[in-house]
Amino acid sequence: MVRLGESVEGRPIEAYFRSGSGDATIMVFGAFHGDEPKSVHVARRFIERLALDATVGGDGGWVVVPVVNPDGFARRTRRNANKVDLNRNFPTKNWTVGKRRSRMFGGTKAASEPETRAVIGLIEAHRPTRIITIHSIGANRYCNNYDGPAQALAAAMSAINFYPATASIGYPTPGSFGTWSGIEREIPTVTLELPSHHSSKRCWLDNRDALLVP
Ligand SMILES: [Zn+2]
């Protein structure tokens, strides 16, 4: 694992890299939200799979960051140690500060948080051709939510995991990672919302191949 940076409280933010011979670079992220541990389980199992079998994943490169928000993950809280929702902290045109006490607080300014800046630095350094960012969600709202030129990717994932492909999560998400990467940078981006009522094992089995769609 490569250390990308550190969290507010000094925990390492780490990435697994597997280089490839092709032009594609696919990035996978888990735990933007620390209270979504199934995203970490799926990302870690995926790293194991990529590491164990070089024939899996095509000829492109892979970068997997299993825990974007290690302070939140340590406490099982959505937000980071500064109580910022990292998925509302990206420097998009629609970024807003939001309410400080809100669970979706966008931070005192865009990209105020070291975790956000570590992700931005990684993307600017390695120029991914596809991004899958893993979350979990309740109330049967699981989906392959796409931003930017990723409708076909979301549909291909749906054919494997049977989650609906959706263009909107159903509420505004100013400053979200998907807006920053997918809509504003046109990197095909899918926010994979796992069903939080399913077991970690089932989430992995339903998505182990969906993460690999060509
Ligand atoms: Zn989430």
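Residues numbered from 1 in each chain as written. Predicted model: local features only at pLDDT ≥ 70, side-chain atom pairs only at ≥ 80, totals over all residues. Heavy atoms only, no water.

K.L.:
Hey, could you run me through the coordination of the zinc ion in this one?
P.N.:
Ideal geometry at a metal gives 109.5 degrees between four tetrahedral donors and either 90 or 180 degrees between six octahedral ones. Taken together, the protein donors to the zinc ion comprise H33 (ND1), E36 (OE), E36 (OE) and H135 (ND1), at separations of 2.0 to 2.3 Å. Classification of the site at the zinc ion as irregular follows from its 4 donor atoms and the range of 57 to 149 degrees in their angles at the metal. Within one chain, the residues serving as donors to the zinc ion are arranged as H-x2-E-x98-H. Pair noted here: H33 is in the loop between β3 (25–30) and α1 (37–52) and H135 is in strand β5 (residues 130–137), with a separation of 102 residues, a long-range link. The exposure class of H33 is buried, given its relative accessible area of 2%. (Donors = N, O, S within 2.8 Å, 3.2 Å for Na, K, Ca; no water. Tetrahedral: all angles 85-135°; square planar, octahedral: opposite > 155°, others 65-115°. Helix = DSSP H or I, 4+ residues; strand = E, 2+ residues; numbered from the N terminus. Buried < 20%, exposed > 50% of the residue type's maximum accessible area, 1.4 Å probe, protein only.)

K.L.:
Just to check I follow, could you spell out the sheet that holds strand β1 (residues 2–6) for this structure?
P.N.:
In a beta sheet, neighbouring strands are held together by backbone hydrogen bonds and run either parallel or antiparallel to one another. Spatially, 8 strands are ordered β1-β2-β4-β3-β5-β8-β6-β7 in an open sheet, and the strand pairing comes out mixed. Whereas interior strands pair on both sides, the edge strands pair on one side only; in this sheet they are β1 and β7 (165–166). Bridge count for strand β2 (residues 12–18) against strand β4 (residues 61–65) is 3 bridges, and the pairing is antiparallel. When the bridges of β4 are listed, F17 appears paired with V63. Along the sheet, helix α4 (residues 151–161) makes contact with β5, β6 (143–147), β7 and β8 (189–195), crossing β6 at roughly 170 degrees. (Pairing = 2+ DSSP bridges. Contact = heavy atoms within 4.5 Å. Axes fitted to C-alpha atoms, helices over the stretch in contact; angles between N-to-C directions.)

K.L.:
Would you mind going over helix α5 (residues 177–184) with me for this structure?
P.N.:
Owing to its 3.6 residues per turn, the α-helix aligns residues three or four sequence positions apart on the same side. Counting buried residues along α5, 6 of its 8 residues qualify, which places the element largely inside the surrounding structure. Of the positions making up α5, those classed as buried are F177, G178, T179, W180, S181 and G182. Those residues of α5 that are buried lie in contact with β3, α3 (114–126), β5, β6 and β8. In the segment just after α5, E186 is the residue with positive phi, at about 60 degrees.

K.L.:
What is the right way to read unusual backbone geometry from this model?
P.N.:
With the exception of glycine, the majority of residues adopt a negative phi angle, and the majority of peptide bonds are in the trans configuration. Not every positive phi belongs to a glycine, and R76 is a case in point at roughly 55 degrees. By secondary structure assignment, the location of R76 is in the loop between α2 (70–75) and α3. With a relative accessible area of 45%, R76 lands in the partly exposed category. Backbone geometry at E186 places phi at a positive 60 degrees, although glycine is not the residue there. For E186, the location among the structural elements is in the loop between α5 and β8.

K.L.:
I'm lost on the environment of R3 in this one. Help?
P.N.:
The topology assignment puts R3 in strand β1. Along the primary structure R3 and A15 are separated by 12 residues, whereas in three dimensions their C-alpha atoms are 6.4 Å apart. R3 has contacts with G10, P12, I13 and E14, leaving out every residue within four places of it along the chain.

K.L.:
Teacher, can you tell me more about the pairing of β6 here?
P.N.:
Successive side chains on a regular strand alternate, one facing one side of the sheet and the next facing the other. Within β6, 5 of the 5 residues are buried, leaving the element largely enclosed by the surrounding structure. The alternating pattern of β6 places C143, N145 and D147 and N144 and Y146 on opposite faces, both of which are buried. In the sheet, β6 pairs with β8 via 5 bridges, with the strands oriented antiparallel. Bridge pairing in β8 links Y146 to V190.

K.L.:
Would you mind showing me how to read the pairing of β3 here?
P.N.:
Where burial is concerned, most of β3 is hidden: 6 out of the 6 residues are buried. In β3, alternate side chains face the same way, and those of T25, M27 and F29 on one face and I26, V28 and G30 on the other are all buried. Two strands pair when backbone bridges link them, and β3 and β4 are joined in this way by 5 bridges, in the parallel orientation. Within the sheet, the bridge partner assigned to V28 lies in β4 and is V64. The handedness of the β3 to β4 crossover, carried by α1, is right-handed. Note that β3 and β5 share 5 bridges and pair parallel. Note that in β5 the partner of F29 across the bridge is T133. (Right-handed = clockwise from strand over helix to strand, strands pointing away.)

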